[in-house]
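Per-entry structural report
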Amino acid sequence: MNLSVSSFDDLSTRVAAVRGDHDERFPGPAEGRQPVHTVYVPADRFSRSTPADFGAEALRLLNVHTPGAGSFGGAFGLDPEIAGLVRERVAAKLAGEPVEDVRIDFGEGYGTRSDEEEDAHIAQVVEAVGAAYQVKALPHYWGIRVKSFADGGHERAMRTLDGFLTALRDRLGRLPGGFTITFPKVVAAEHVALFTEYLERLETALGLPAGILRFEIQVETPESVIDRDGRIALPGIVAAAAGRLTAAHFGVLGYTAALGLPLDEQRLDHPSCDFARHAMQVALAGTGVRLADGSTGVLPRNDGPDEVNAAWSAHAAHVRHSLRHGFYQGCDLHPAHLPSRYAAVYAFHLTGADDAIGRVRAWHEQAAGRAGTAAEPAAVRALTARLRRAVDCGALDESALPATARP
């Protein structure tokens with residue numbers, strides 16, 4: 001050696017500092033369960049039974065239009081070998097936990113109302129949430145969407161959130177777990193910073209623990225992908241959220257409309273949407289901020305088989321497109337979206353599951369000194385995460401996993 005160890009101590013210190021800064025900015029993927037979807041319900045239509053009502057209607061449509069494995073597999077383009085199993089598990093899901101995440105919408109889906117009307121709906125929603133919580137009918141994840149700061153709705157957004165949380169505190173004495181706020185139509189990191197500051201003030205005023213109010217953003221404007229200086233916007237948005245950002249949801253209709261795409265091309269699988277999603281993936285990888293895809297605008301206009309099957313076909317195709325691109329969560333707007341959501345998600349997870357289980361088990365056997373199959377640790381982590389997602393949503397039973405893949 002030409003240099004003694006002490007001669008590059010300063011370099012080692014600087015290397016460690018860079019590594020520490022990197023680890024702080026990129027702590028790794030988010031922990032815990034990720035829902036497969038977020039269901040949006042306008043605030044004036046939300047009641048304590050809304051999640052169960054969605055499930056009952058979805059199950060009715062499933063039984064009417066796909067009474068057996070053959071019709072079910074045909075409707076959703078499934079391999080006949082797994083169609084029966086998928087149908088059985090989808091039906092159980094719709095009966096037991098049809099909605100994994102619900103967003104009570106005071107944003108675009110709700111529209112602009114007078115202050116008196118929106119305040120009245122806040123009171124109605126608080127009563128519904130309180131009643132659902134007390135009978136354990138609130139989904140695992142839930143929350144509200146407020147109006148956008150970009151459209152001049154900032155004062156109403158802050159008033160709605162304050163009124164909702166104050167009334168809920170008075171109703172229940174606590175904030176139920178799984179609560180998230182959706183902050184839509186981001187056009188500048190500065191708006192995110194201002195919203196974050198507002199949440200800090202609100203926590204203090206309500207006596208809530210610091211940092212308990214967390215939120216997700218909707219990436220539905222070109223400015224939330226590329227900022228005004230020509231840089232990828234999301235790192236600045238994450239920094240502005242000061243540790244409160246849980247997820248980034250892609251907004252298909254707002255984004256494609258802002259790009260000027262014709263109406264019949266404003267769809268989730270348009271190449272321009274793939275660009276935005278890929279930018280989101282690269283910018284948010286390792287940050288702990290989850291990715292979620294947008295919605296399908298195709299809804300059945302009636303209960304006729306042509307209408308329902310057309311909606312199912314389009315929606316299932318979009319869900320599969322999202323899954324192939326690594327977006328494991330999406331947005332649903334109608335009870336008819338639930339059968340196609342779960343059919344596509346369950347088929348995705350069940351296809352190749354036995355091979356994934358075998359590879360994870362073999363890797364751990366090799367690591368323990370027994371005969372096994374060589375594999376990269378990163379590949380095994382990805383397989384384990386896939387299996388965990390399958391169990392969390394109900395596609396796989398916990399007992400099917402190798403012991404090393406269980407919590």
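Residues numbered from 1 in each chain as written. Predicted model: local features only at pLDDT ≥ 70, side-chain atom pairs only at ≥ 80, totals over all residues. Heavy atoms only, no water.

Counting buried positions along strand 1 (residues 37–42) yields six of six residues, so the element is predominantly enclosed. Burial of the side chains of strand 1 extends over both faces: His37, Val39 and Val41 are buried on one face and Thr38, Tyr40 and Pro42 on the other. Pairing geometry for strand 1 and strand 8 (residues 330–332), over three bridges, is parallel. In the sheet register, histidine 37 faces strand 8, and the bridge partner there is glycine 330. (Buried < 20%, exposed > 50% of the residue type's maximum accessible area, 1.4 Å probe, protein only. Helix = DSSP H or I, 4+ residues; strand = E, 2+ residues; numbered from the N terminus. Pairing = 2+ DSSP bridges.)

Turning our eyes to something else, we now look at the packing of aromatic side chains. Going through the model one piece at a time under the given rule, you end up with 14 aromatic pairs. An aromatic cluster of at least three residues, connected via ring pairs, comprises Phe149, Phe183, Phe195 and Phe215. Note that arginine 113 overlies the ring of tyrosine 110, its terminal NZ or CZ placed 4.1 Å from the centroid. Residue placement shows arginine 389 over the ring face of tyrosine 328; its charged tip is 3.6 Å from the ring centre. (Phe/Tyr/Trp six-rings, centres within 6.5 Å; stacked < 30°, edge-to-face > 60°. Lys NZ or Arg CZ within 6 Å of the ring centre and 35° of its normal.)

All right, on to the side chain of histidine 349 then. Its place among the elements puts histidine 349 in helix 12 (residues 337–350). Those residues in contact with histidine 349, other than ones at most four positions away along the chain, are Arg386, Arg389, Ala390, Cys393 and Ala395. (Contact = heavy atoms within 4.5 Å.)

Among the nonpolar cores identified, the biggest contains 103 residues, and Leu161, Phe164, Phe215 and Ile217 are the most heavily contacted of them. With eight residues, the single largest contributor to this core is helix 12. Sequence-distant contacts of phenylalanine 215, that is, excluding residues within four places in its chain, are made with Thr180, Ile181, Phe183, Val192, Phe195, Thr196, Leu199, Ala241, Arg244, Leu245, Thr246 and Ala247. (Core = buried A, V, L, I, M, F, W, Y, C linked by side-chain atoms within 4.5 Å.)

Inspection of every chain in the model, using the stated rule, returns 37 salt bridges. Here arginine 33 makes a salt bridge to glutamate 100, at a shortest N to O gap of 3.3 Å. In this pair, arginine 33 sits in the loop between helix 1 (9–25) and strand 1 while glutamate 100 sits in the loop between helix 4 (80–96) and strand 2 (101–105), placing the two residues 67 residues apart along the sequence. By relative accessible area, arginine 33 is classed as buried at 16%. The buried category is assigned to glutamate 100, whose relative accessible area is 0%. (Salt bridge = Lys/Arg side-chain N within 4 Å of Asp/Glu carboxyl O.)

Strand order in the open sheet made by the eight strands is 7-6-5-4-3-2-1-8, with parallel pairing throughout. Only two strands of the sheet have a single partner each, and these edge strands are strand 7 (290–292) and strand 8. For this sheet, the mean angle separating the axes of adjacent strands, direction not counted, is 30°. In the sheet, strand 4 (residues 179–183) pairs with strand 5 (residues 215–219) via three bridges, with the strands oriented parallel. (Axes fitted to C-alpha atoms, helices over the stretch in contact; angles between N-to-C directions.)

Turning our attention to helix 10 (residues 271–284). For helix 10, built from 14 residues, the straight-helix expectation of 20 Å at 1.5 Å per residue is met to within 8% by its first-to-last C-alpha distance of 20 Å. Every buried residue belonging to helix 10 is among Ser272, Cys273, Asp274, Ala276, Arg277, Ala279, Met280, Ala283 and Leu284, and all of these are buried. Considering only its buried residues, helix 10 is in contact with strand 5, helix 8 (234–240), strand 6 (245–250), helix 9 (252–258), strand 7 and helix 11 (305–324). Positive backbone phi, approximately 80°, marks glycine 286, located one or two places after helix 10. (Expected span 1.5 Å × (residues − 1).)

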